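Analysis of the macromolecular model
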Amino acid sequence: MLGEGIYLVRARGYDEAGKRIERERRVQATSVKEAQDRQRDLERELTAGVSASASLLFGAAAEAWVAAKTSAKRANGDPRLAPTTAGRYRQVVRDLIVPTLGGMRLETITKPVIERWRDALGSSFKASTTNGALRVLRTILRDSGSTAADTVKPLLEDDTRITDDAPNLLDGEEQIAALLSWVRRHEPEHFALVGLLVTTGLRISTALALTRADFEPEKGVIVARRRRSGKEVIEGVKRSRTARDVVPLVPWVWDAVRARWAGHNERQRLSGLAFAGKEGGHMARSHLDKPLKAATAALGLPKVTPHGLRRTSALLYRLRSGQAMSKAISGHLTDAMNAHYAPVRTAERAAAGRAVFGGLLGEELGEKGVGVSEGLPN
């Protein structure tokens, strides 16, 4: 913002020879949002020049797109993309799009070409990886004025990380209590964090970014305001830079957290972090991998990760307090996402069948001494 409703917007692209160019423009706008719209207009002008050039290959357009996306800033100067998202865009363009489609002109990238590209990726990568690359390609093409990928269907995904035999989920309060008891006895330094994850449903990236000031014991809640992305801490939880998660602070978890703080050294105290490492910095996301593996192996429980503790939390809140509360605590915006995290288990289906139909004709068949299978028609 230059003042008096005047903004300076900047866009990057390539000329007809494939040389990178940058263009700036002063625009009149009533808000930052309107100025950002003018910036996108400028980006589209550069992109239109790219797509109109017969000599410019698609790889240059894709690289220009990712450069613009990863360098875009918010009004306060912060990057628009989280570091992990920016890194993923760079990797997809560099490794999955440019090597195969980069040598083609935009107008030659048709639906059949994209479907062959998708299928070739699917033969080497998981469906989720392929579909993620397809989403990036579709966006680049749209921004370049092409709708060729709009009707290309994604591959059918099979999340092999979550199966009936390995659900990454603890089944019921007994398993949760057993895990917590084992961790408290054998890995006491991890007890507070494990207890917090399973009672709040927070993502490990959010929990590790908590500060002491985020705990509000007088209200019985924790207000999560930021998360770790790669090696950086960014404002907001996963939904957006302004989103906050307000989750329960269970009394015994608060006791465990305070006990952990009592053992902090000076660097940990000065950091202000709720779960600071010994040097006062953030702990790694893999911090709980070994203790959780040891606990589940010792107890004969299904393998569970920190993300599995989040799923377990969503499940228990759904069972005890209903789906609306489970969604509110876990931060899920849709019933479908909540159902993915907190699935209806086999035992629940069996119990529902008994509750609804278990007594049907029970007395009549019982009086006749006829078994259920004998009493029903063929």
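Use the structure listed above.
So, here is what we can say about the structure in this document. None of the values given here were measured: they were computed from a predicted structure. Numbering of residues starts from 1 in every chain and runs along the sequence as written. Only residues with pLDDT of at least 70 are given local features in this predicted model, and only at 80 or more are side-chain atom pairs given and counted; all residues enter the totals for whole chains, interfaces and linings. The side-chain numbers reported here are obtained from all heavy atoms of the structure, hydrogens and water having been left aside.

1. Some remarks on unusual backbone geometry
Note the threshold: A run of H or I in DSSP counts as a helix once it spans at least four residues, and a run of E counts as a strand once it spans at least two, with each numbered from the N terminus.
The phi dihedral of E4 is positive, around 55°, even though this residue is not glycine. Residue position: E4 is located in the segment before β1 (6–14).

2. Some words on the nonpolar core
Cut-off, in case you're wondering: Here the nonpolar core consists of buried residues drawn from Ala, Val, Leu, Ile, Met, Phe, Trp, Tyr and Cys, with membership extended through side-chain atoms lying within 4.5 Å. Partly exposed residues are those whose accessible area sits between 20% and 50% of the maximum for their type, while under 20% is buried and over 50% is exposed, using a 1.4 Å probe and protein chains only.
L179, L193, L196, L210, F215, F275 and L309 are the most contacted members of the largest nonpolar core, which totals 47 residues. Of all elements in the fold, only α6 (173–186), α7 (191–200), α8 (204–207), β4 (221–224), α9 (251–262), α11 (289–299) and α12 (306–321) reach the threshold of two or more residues within this core.

3. Looking at the side chain of H190
Spelled out, the test is: For this analysis, residues touch if any pair of their heavy atoms sits within 4.5 Å.
Relative to the elements of secondary structure, H190 occurs in the loop between α6 and α7. Overall, the relative accessible area of 8% leaves H190 in the buried class. Once you skip the residues sitting within four places of it in the chain, H190 turns out to touch V183, H287, L288 and P291.

4. Focus on helix α5 (residues 127–143)
Test applied: Take the residue count of a helix, subtract one, and multiply by 1.5 Å to get its expected span.
Spanning 17 residues, α5 covers 24 Å between terminal C-alpha atoms, matching the ideal 24 Å at 1.5 Å per step. The set of residues buried in α5 consists of A127, T130, N131, G132, A133, L134, V136, L137, R138, I140 and L141. In the core, the buried residues of α5 are packed alongside α2 (58–71), α3 (83–101) and α4 (111–122). Taken from the residues just after α5, G145 is the one with a positive phi, measuring 90°.

5. Some thoughts on the packing of aromatic side chains
The test is simple: Pairing of aromatic rings covers Phe, Tyr and the six-membered ring of Trp, with a centre-to-centre limit of 6.5 Å; geometry is then stacked below 30 degrees between planes, edge-to-face above 60, and tilted otherwise.
A full pass over the atoms with the stated rule returns five aromatic pairs. Here F215 and W261 contribute two aromatic rings whose centre-to-centre distance is 5.4 Å and whose plane-to-plane angle is 85°, an arrangement assigned as edge-to-face. Of this pair, F215 sits in strand β3 (residues 215–216) while W261 is found in helix α9, placing the two residues 46 residues apart along the sequence. Note on accessibility: F215 and W261 belong to one class, buried. Grouping aromatic residues by their ring pairs yields a cluster made of F215, W254 and W261.

6. Brief notes about the packing of α6 against α7
Inclusion rule: Note on geometry: axes are C-alpha line fits, over the in-contact stretch for helices, and angles between N-to-C directions span 0 to 180 degrees. Every angle not falling under 35 degrees, over 145, or within 65 to 115 is termed oblique; those three ranges are roughly parallel, roughly antiparallel and roughly perpendicular. Helix crossings get a hand from a simple test, with the near helix turned counterclockwise from the far one by less than a right angle marking a left-handed crossing and a clockwise turn marking a right-handed one.
At their nearest, the axes of α6 and α7 sit 9 Å apart, and the two run at 160° to each other. The orientation of α6 with respect to α7, classified from their angle, is roughly antiparallel. For the pair α6 and α7, the sense of crossing is left-handed. Judged by residue contacts, I176, L179, L180, V183 and R184 of α6 engage F191, V194, G195 and V198 from α7.

7. Some words on the packing of α6 against α12
α12 packs onto α6 with a crossing angle of 140° between their chain directions and a minimal axis gap of 11 Å. Between α6 and α12, the crossing angle belongs to the class labelled oblique. Our pair here, α6 against α12, has a crossing hand that is left-handed. Here E173, I176 and L179 of α6 come into contact with α12, specifically with L309, T312, L316 and R320.

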